[in-house]
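Residue strings, one per chain:
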Amino acid sequence: MTPPQLTEAEALELLAQHYGLTGQLFTLPGERDHNFQLCLASGEKNTFKVVNAEVPLESLKTEIRAMQHLHSILGGLVPNPLADQAGRFISQGSLQNGSTCWLRLQSWQPGTPLAEFRPHTTELFHSVGHLMGRVATSLSTLAVPDPNPELPWHPDQALQIVEEGLSLVTDPLLKNFLEQALRLYDRYGRPLETDLPRSLIQNDANDYNVLVHGKLEGPPELSLIDFGDMVVSWTCAEAAVTLAYTLLGQIAPWKALQATLSGFSQARPLSLLEAEFVWPMALMRLGVSIVMAAKQIQEQPENEYLLISQQPIRELLQRLKDLSLEEGIARSRFACGHSPIHRKVSLETILEKQFFFPVMGQALTPDNTLLLPLGIESPSSDWLSGEVEEQSARIQQAIESAQKIFALGLYDEIRLCYTAPEFQQDLESRTVHLGLDVFRLAGTPIFAPLDGAFVTVHDNAQEQDYGPTLMLQHEDLNGENFFTLYGHLDPECLALWQPGDFVQAGTRIARIGASPRNGNWPPHLHLQVIGHRMGWETDFPGVALPSEQSFWKQLSPNPYRLLGIQEQSWVEPEGLPQDLLARRLHIMGRNLSLSYKKPLTILRGEGVYLIDSLGRRFVDCVNNVAHVGHCHPRVVEAQRKQSSLLNTNTRYLHPELVRYAERLCGLFPDPLNVCFLVCTGSEANELALRLAQAHTQAQGMVVVDVGYHGHTKSLIDLSPYKHNGPGGKGAPDWVRTTPMPDAYRGVYREHHPDLGSAYGGKVIEHAESLAKSETGLAGFICESILSCGGQIVLPENYLQTAYAGVRRLGGLCIADEVQVGFGRVGKTFWGFELQGVVPDIVTLGKPIGNGHPLAAVITTTEIAEAFANGMEYFNTFGGNPVSAAVGNAVLDVIEEENLQKHALTLGNYLLERWKGMSKRCPALGQVRGEGLFLGMEFVADPVQRIPCAARATYVVERMKAQGFLLSTDGPDHNVIKFKPPLVFPDSEAERLCNNLEQILREVPLQLT
Ligand SMILES: Cc1ncc(COP(=O)(O)O)c(C=O)c1O
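Described below are features of the structure shown in this document. (Residues numbered from 1 in each chain as written. Predicted model: local features only at pLDDT ≥ 70, side-chain atom pairs only at ≥ 80, totals over all residues. Heavy atoms only, no water.)

## Section: the overall build of the protein
When you go through the protein residue by residue, the secondary structure sums to 28 helices and 43 strands. Dimensions of the protein, computed from the C-alpha atoms along their principal axes, are close to 100 × 85 × 45 Å. For the protein, the proportion of its 1008 residues judged to be buried stands at 56%. The contacts in the protein between residues at least 6 apart in sequence include a share of 73% that link residues at least 24 apart. Between the mean site of the 80 positive side-chain charges and the mean site of the 113 negative ones, the protein shows a separation of 3 Å. (Helix = DSSP H or I, 4+ residues; strand = E, 2+ residues; numbered from the N terminus. Buried < 20%, exposed > 50% of the residue type's maximum accessible area, 1.4 Å probe, protein only. Contact = heavy atoms within 4.5 Å. Lys, Arg positive; Asp, Glu negative; His and termini not counted. Charge placed at Lys NZ, Arg CZ, Asp CG, Glu CD.)

So, in structure tokens, the structure goes:
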């Protein structure tokens, strides 16, 4: 049935005639109806539908009734039917071509079609499922006859439509899918048909009928349009249809399934049978779509709407091609809150109750077995580092020195050793171990624990795979099946057995394989129990994604009993405490903040990566402390080595300390040639303040607005970021605050002819006022690039002007390099050098020790002398030999890895890319910075430059979801700061830019 043909002028006439309305009309796409958006003079919008007269009046009446019913329950989530002048919801109209049609008017639903909305997150699909669950629940209370019993999209007809249309489809990918879908439906769907509850369903939650209202915060709001395909069918088919369309989204199919069905079943619980039916029915719906498109494209090649859903289907089928379709049933059961597999007695109970011949020939006990923790939180998880021969030797030696026979790798451990591309999926990596690993010499025999028949005899020969693998099928005490899997075997077993061969309990079935033939691991057996193969043939996952941990653990419980182990607690990994957050909040000061809406538990660092407790790798984009990379081996080793020799204080001579002090001072221009080593940036600035006050015999300081210099009492006084922020008491009378030299939103902006002098003049004004005051002028402290202020680069000539004025008045100039020093700014080694000045005092911190508590003050001999007034300067930990060794190692790495040059090249590249993005995305008002100290400022209006923290936070959270850790700063929290470890790889910079580019195009970020 085609839409009635009419012009907009004709439609306007009909509107005036029947509804007494006039306005502007815009044609909308439609398969059956000719649809228009009507914009009334009042600004209100409606949808005007001109319906083919062949559509039976009764079915239209049911549609209106259902919409009214839904509107009364769900309100604005669905359109409200509007009456004509005679009070009718369906009017009959006459078209100029002599035919008649039905006319309908309804309220307009704002929003972006799901198909066009971005981002497609799992939360969004959950919301779509939830909305359709609510729709299904609401419609099920409306008893009406089937409005469209003949509809080809009717779930009741799906099987027949696909079977009959199969011959029309010639494309091998589509055809093969249809055949598989038919087989699956026939086996798993059809037998359930008669037992499922039926009701009216909307039956068309396609990605053009679900509208999304994206917001910067909170879950998106959704609404539903188009009730023309409603039918009476299995209620759960509503979930299947919804799923068929959300599968067409951008993320992994199983994640879309989990999100959609868990959302649906939260609103409309699906029984076990319904949950099992959903997947085969969803595949049939995709099948109908393929068949209908093939048919309709033949009939109406010009109707673009028909083509819309075809490309995403092809993409989805490409993705499904490599997955076991049967797995969808277990996944659906699980997503709907049921156990993924159907068993009368749980596998755990069977494992407990049944007797097994021990797989290694003897039971593993604490006496003969060494536990080998390989989990992320275990410091000894480096068992598997280095070449495989080293790993094998290390493990064998550990077994021997502990006088044991076996070593055991644990079940449910989060492991980082699975690094091959096969283990990476989406943004996650498969890290959760689903079996037990028994380490012993190659050749060690392995025995069948129970009578069974081989279902898999296969060489999974890829690197890091199982190598030669066997799988046995067993019958348990209750006559139900389960499977046991043996991986990393000696290849002899491949010749020994064939699928179908039967073995008795206690038969030697294989031997432990040697590397590299065993998948290239140290010799060990991977033993796993499997409740259902879900269509997997020669393989079965031995590690799972953390987000799917509970699904896979139900399929593969801990197989400890097969090894004769009695006490499960003995072989359970300790794991992380679940209540870490609550305990931290309880035991630690409340104003210690945590990043992100959902805080991360970070357990490991490696170069530019931070790795969390689930083994997820995040790219650290804000940690300028880990300057040369997290846990740089050179720095770690220097620290370890010196710690094992000596760690005392500066009251003894030590060559490492003197060497470091000389080396550090050597990096500064004259006359900066004396250093003090301290432990934190705060200590450094505190000491700098004392030096300045001692030298000038005055107290007053000029500080830059929104500056932060440390957490001590005097430094809070010097930090407007704190004393003017929440809980602050403002500046004391000895501190004067000069405005940030912000060329984007400050008092003087980019078109000013000499910004540096203008803002520098402000510093001098304050210095003069202090010099005249009782406190006098001790100096001026300024970060070399403003960090908390929002990554603001000082305008040219700023420090030159300010320093000259301050010095004229007898004050000293302090450069706070705690954030930006050590080559980060790229063009120069120190940030102040960008301004062509030499400060009187420089303070260093954060990056200086790559995470080790080390900081420094560098000054002139003259100032240091003025400070040496007889009072000893002693700092228990400052300048200890371990810190000195660490400091030296950091300098070595900066030099050897050419990190300053890298900061310059990569920083310039990123700035260029981001500038391009800022042109395309008005919400990204400005990008700025030097080297790898960059900022992105977000605004609500690029002309007025109104700051928009919500946009910056949105980008930070979205980038976190893509695996990049960023954070915001600036007085209005609308600047994203980028100050990563300098070892930031070019490849990650590329990935960061590509992700950022996509996120900046997402609907919620757009300015309206
Ligand atoms: C510019 C600046 N100075 C000083 C400090 C204080 O350093 P710390 O936290 O090591 O005491 C910080 C810390 O963030 C800083 O950003």
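## Concerning the pairing of strand 17 (residues 436-439)
Judged by which residues are buried, strand 17 turns out to be covered on both faces: Leu436 and Val438 on one side and Asp437 and Phe439 on the other are all buried. Sheet topology note: the strand 13 (residues 406-409)/strand 17 ladder contains 3 bridges and is antiparallel. By the bridge assignment, Leu408 is partnered in strand 17 with Val438. Examined bridge by bridge, strand 17 and strand 24 (residues 524-530) share 4 bridges and lie antiparallel to one another. Within strand 24, the residue paired with Leu436 across the bridge is Leu527. (Pairing = 2+ DSSP bridges.)

## Overview of the site of the ligand
Close contacts around the ligand come from 13 residues, with Gly681, Ser682, Asp816, Gln819 and Lys846 the closest. Contacts to the ligand include Asp816, whose side-chain N or O atom sits 2.8 Å from a nitrogen atom. For the ligand, an oxygen atom lies 2.7 Å from a polar atom in the side chain of Lys846. For the ligand, the accessible surface in isolation is 390 Å², of which the surrounding protein chains cover 85%. Looking at which element gives the most residues to the shell around the ligand, the answer is helix 19 (residues 681-696), with 3 residues. (Near = heavy atom within 4 Å. Polar contact = N/O pair within 3.5 Å; in protein donor to acceptor, adjacent residues only side chain to side chain. Areas by Shrake-Rupley, 256 points an atom, 1.4 Å probe, with all protein chains shown as cover.)

## Some words on the sheet that holds strand 7 (residues 112-113)
Read from one edge to the other, the open sheet built from 3 strands follows the order 7-9-10, with strand pairing classed as antiparallel. Across the chains shown, the open sheet's two edge strands, defined by having one partner strand only, are strand 7 and strand 10 (221-224). Judged from the 2 bridges that link them, strand 7 and strand 9 (residues 210-213) form a sheet pairing that is antiparallel. Within the sheet, the bridge partner assigned to Thr112 lies in strand 9 and is Val212.

## Quick look at the pairing of strand 3 (residues 45-52)
In terms of residue burial, strand 3 counts as a mostly covered element, since 7 of its 8 residues are buried. Pairing of strand 2 (residues 33-40) with strand 3 involves 7 bridges; the strand directions are antiparallel. Paired with Asn35 across the bridge in strand 3 is Lys49. The turn joining strand 2 and strand 3, which pair antiparallel and follow one another in sequence, is formed by 4 residues; a positive phi near 95 degrees is taken by Gly43. Pairing analysis gives 7 bridges linking strand 3 to strand 6 (residues 100-107), with the strands arranged antiparallel.

## Observations regarding the packing of aromatic side chains
Following the criterion strictly, the structure yields 25 aromatic pairs and no others. Summarising the aromatic geometry, the rings of Tyr19 and Phe48 are spaced 6.0 Å apart at their centres and angled 80 degrees between planes, so their arrangement reads as edge-to-face. Placement of Tyr19 in helix 1 (residues 8-19) and of Phe48 in strand 3 is noted, with a sequence separation of 29 residues between them. A single burial state applies to Tyr19 and to Phe48, both of which are buried. Taking the centre distance of 5.3 Å and the plane angle of 75 degrees together, the rings of Phe978 and Phe984 count as edge-to-face. For Phe978, a relative accessible area of 0% gives the class buried. Among the aromatic side chains, those forming a connected cluster through ring pairs are Phe334, Trp536, Phe540, Phe551 and Trp552. One cation-aromatic arrangement involves Arg617 over Tyr609; the distance from NZ or CZ to the ring centre is 5.1 Å. Sitting over the ring of Phe874, Arg651 keeps its end group 3.7 Å from the ring centre. (Phe/Tyr/Trp six-rings, centres within 6.5 Å; stacked < 30°, edge-to-face > 60°. Lys NZ or Arg CZ within 6 Å of the ring centre and 35° of its normal.)

## Remarks on the packing of helix 4 (residues 158-165) against helix 5 (residues 172-189)
In contact at an axis separation of 11 Å, helix 4 and helix 5 are set at 145 degrees when each is read in the N-to-C sense. For the pair helix 4 and helix 5, the sense of crossing is left-handed. Here helix 4 contributes Leu159, Val162 and Glu163 to the contact with helix 5, which in turn contributes Leu178, Leu182 and Tyr185. Per-class residue counts for the contact of helix 4 with helix 5 are 5 nonpolar, no polar and 1 charged. (Axes fitted to C-alpha atoms, helices over the stretch in contact; angles between N-to-C directions. Left-handed = near helix turned anticlockwise from the far one by under 90°. Nonpolar A, V, L, I, M, F, W, Y, C, P; charged D, E, K, R; others polar.)

## A short note on the nonpolar core
Counting 93 residues, the largest nonpolar core has Phe780, Leu844, Leu910, Trp914, Val955, Phe978 and Leu992 as the members making the most contacts within it. Per-element tally for this core: the top contributor is helix 25 (residues 881-896), with 8 residues. Contact partners of Leu992, with chain neighbours within four places excluded, come to Cys621, Leu910, Trp914, Met959, Phe964, Phe978 and Phe984. Core analysis: the next-biggest nonpolar cluster, separate from the first, contains 85 residues, Leu178, Leu243, Phe264 and Val291 among them. (Core = buried A, V, L, I, M, F, W, Y, C linked by side-chain atoms within 4.5 Å.)

## Concerning the sheet that holds strand 17
The mixed open sheet is built from 8 strands, whose spatial order is 12-13-17-24-21-20-19-22. A single partner strand is all that each edge strand has here, and the edge strands are strand 12 (369-371) and strand 22 (502-503). Where strand 21 (residues 481-487) lies against strand 24, 5 bridges are found, and the strand directions are antiparallel. Across the sheet, the residue bridging to Gly487 is His526, located in strand 24. Across the sheet, helix 13 (residues 388-401) touches strand 12, strand 13 and strand 17, and the angle it forms with strand 13 is around 120 degrees.

## Digging into the environment of Arg65
Its place among the elements puts Arg65 in helix 2 (residues 57-74). Expressed as a C-alpha distance, the spacing of Arg65 and Leu142, which sit 77 residues apart in the sequence, is 9.0 Å. Apart from residues no more than four positions distant in its own chain, Arg65 is found in contact with Leu142, Ala143 and Val144.

## Description of the side chain of Ser556
Of note, Ser556 is situated in the loop between helix 15 (549-555) and helix 16 (580-587). Judged by its relative accessible area of 0%, Ser556 falls in the buried class. At 2.9 Å, the side chain of Ser556 forms a polar contact with the side chain of Gln528. Not counting the four nearest positions on each side in its chain, Ser556 is found in contact with Tyr411, Leu434, Gln528, Val529, Ile530 and Phe540.

## Points about the packing of helix 18 (residues 655-665) against helix 25
Two numbers describe how helix 18 lies on helix 25: the axes approach to 8 Å, and their chain directions differ by 45 degrees. One element, helix 18, and the other, helix 25, form an angle in the oblique class. Of the two possible hands of crossing, helix 18 and helix 25 adopt the one that is left-handed. Every residue of helix 25 that contacts helix 18 at Glu656, Leu657, Arg659, Tyr660 and Arg663 is listed here: Pro881, Ala884, Ala885, Gly887, Asn888, Leu891, Asp892 and Glu895. Residues belonging to the contact of helix 18 with helix 25 are distributed by class as follows: 6 nonpolar, 2 polar and 5 charged. (Parallel < 35°, antiparallel > 145°, perpendicular 65-115°, else oblique.)

## Regarding the side chain of Asn518
Topologically, Asn518 is positioned in the loop between strand 23 (508-511) and strand 24. With a relative accessible area of 0%, Asn518 lands in the buried category. Within the local environment of Asn518, its side chain forms a polar contact with the backbone oxygen of Trp521, the two atoms lying 2.9 Å apart.

## What about the pattern of salt bridges?
The final tally for this structure, using the stated rule, is 48 salt bridges. A salt bridge links Asp33 to Lys49; the nearest nitrogen and oxygen atoms lie 3.6 Å apart. Of this pair, Asp33 sits in strand 2 while Lys49 sits in strand 3, placing them 16 residues apart in sequence. Under the relative-accessibility criterion, Asp33 is labelled buried at 6%. (Salt bridge = Lys/Arg side-chain N within 4 Å of Asp/Glu carboxyl O.)

## Some points on helix 7 (residues 253-267)
Its 15 residues place the ends of helix 7 21 Å apart at the C-alpha level, agreeing with the 21 Å of an ideal helix rising 1.5 Å per residue. Counting buried positions over the 15 residues of helix 7 gives 12, a clear majority of the element. All buried positions along helix 7 are accounted for by Pro253, Trp254, Lys255, Ala256, Leu257, Ala259, Thr260, Leu261, Ser262, Gly263, Phe264 and Ser265. Residues of helix 7 that are buried in the fold lie against helix 3 (122-139), helix 6 (237-246), helix 8 (272-299), helix 10 (310-321), helix 11 (327-335) and strand 15 (428-429). (Expected span 1.5 Å × (residues − 1).)

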